[in-house]
Amino acid sequence: MKDLVEEMRGAVRHWWTSLIIGLLAVVLGVWCLFTPMATLGALTMLFIAAFLASGIFEIIFPAGNRRRLRGWGWALTGGIVDVLLGIMLAAAPAPAATAVLIYFVGFWIMLRSLWAIGGASELSALGVRGWGWLLALAIASFIFSLVFIFSSPIFGGAFVVAFFSTAIIAYGLFRIWLAVKLKAVKDAAMPE
């Protein structure tokens, strides 16, 4: 218990680090909104790395658990598709990769949604409570993937940038709020 108290004192003592992280995140989010092409280029590189890393781990997991998992082949297939998408995006020229990324993301979300629908069904078969919520979220994700795929590339790119920017700004605002609360705790607990 004493270690926890000391850890909290350290976090409260350095409240300003959360403020700096929050301010940087807000600035990054606003910058992304005003530089959509640069943001899409950076996100393309990020997605290439994410597809490759996710694919490798998605291949390792079902391969190591194939005796315990029903339908492990679907997870393995998803991992292989992720690796192939990462390789295809990395091999494409930068402008083409960014344009193709929008459709890849849509199809990737669709594939993952189908995998999630299967996973929710597996949980249902195992008698896990709450599986219906997972199924509903998976179906909603599938519907959003269709909207994403069949919309124009400009809308898809704008959506990706807007969503990313909004998420970063929201995280930044959270960190700023956390810093204010940590400072209040510090001021109340450790008067100078």
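Structure shown above.
Residues numbered from 1 in each chain as written. Predicted model: local features only at pLDDT ≥ 70, side-chain atom pairs only at ≥ 80, totals over all residues. Heavy atoms only, no water.

J.: Looking at this structure, how should I read the packing of aromatic side chains?
T.: For any two aromatic rings, the description comes down to two numbers: the centre-to-centre distance and the angle of the planes. One pass over the structure, following the stated rule, counts 2 aromatic pairs. Taken together, a centroid distance of 5.9 Å and an interplanar angle of 45° make the contact between phenylalanine 47 and phenylalanine 51 tilted. Highlighted residues: phenylalanine 47 and phenylalanine 51, both in helix H3 (residues 36–64), separated by 4 residues, approximately one helical turn. Relative accessible area serves as the criterion here: at 2%, phenylalanine 51 is assigned to the buried category. Residues phenylalanine 159 and phenylalanine 163 carry aromatic rings whose centres are separated by 6.1 Å and whose planes lie at 15° to one another, so their mutual orientation is stacked. Taken together, the residues span about one helical turn, with phenylalanine 159 and phenylalanine 163 both in helix H7 (residues 153–189) at a distance of 4 residues. Overall, the relative accessible area of 41% leaves phenylalanine 159 in the partly exposed class. Classification of phenylalanine 163 as exposed rests on a relative accessible area of 58%. (Phe/Tyr/Trp six-rings, centres within 6.5 Å; stacked < 30°, edge-to-face > 60°. Helix = DSSP H or I, 4+ residues; strand = E, 2+ residues; numbered from the N terminus. Buried < 20%, exposed > 50% of the residue type's maximum accessible area, 1.4 Å probe, protein only.)

J.: How should helix H6 (residues 131–150) be read in this particular structure?
T.: It helps to recall that an α-helix has 3.6 residues per turn; residues three or four apart then point in one direction. Taking 1.5 Å as the rise per residue, H6 with 20 residues should run 28 Å; its terminal C-alpha atoms sit 29 Å apart, in good agreement. Three or more residues of H6 are buried, namely Ala138, Ser145, Phe148 and Ile149. Along the axis of H6, the buried positions cluster into a sector of 90°, meaning they face one direction only. Opposite the buried face of H6, at more than 90 degrees from it, the exposed residues are Trp133, Phe144 and Phe150. (Expected span 1.5 Å × (residues − 1). Arc of directions from axis to C-beta.)

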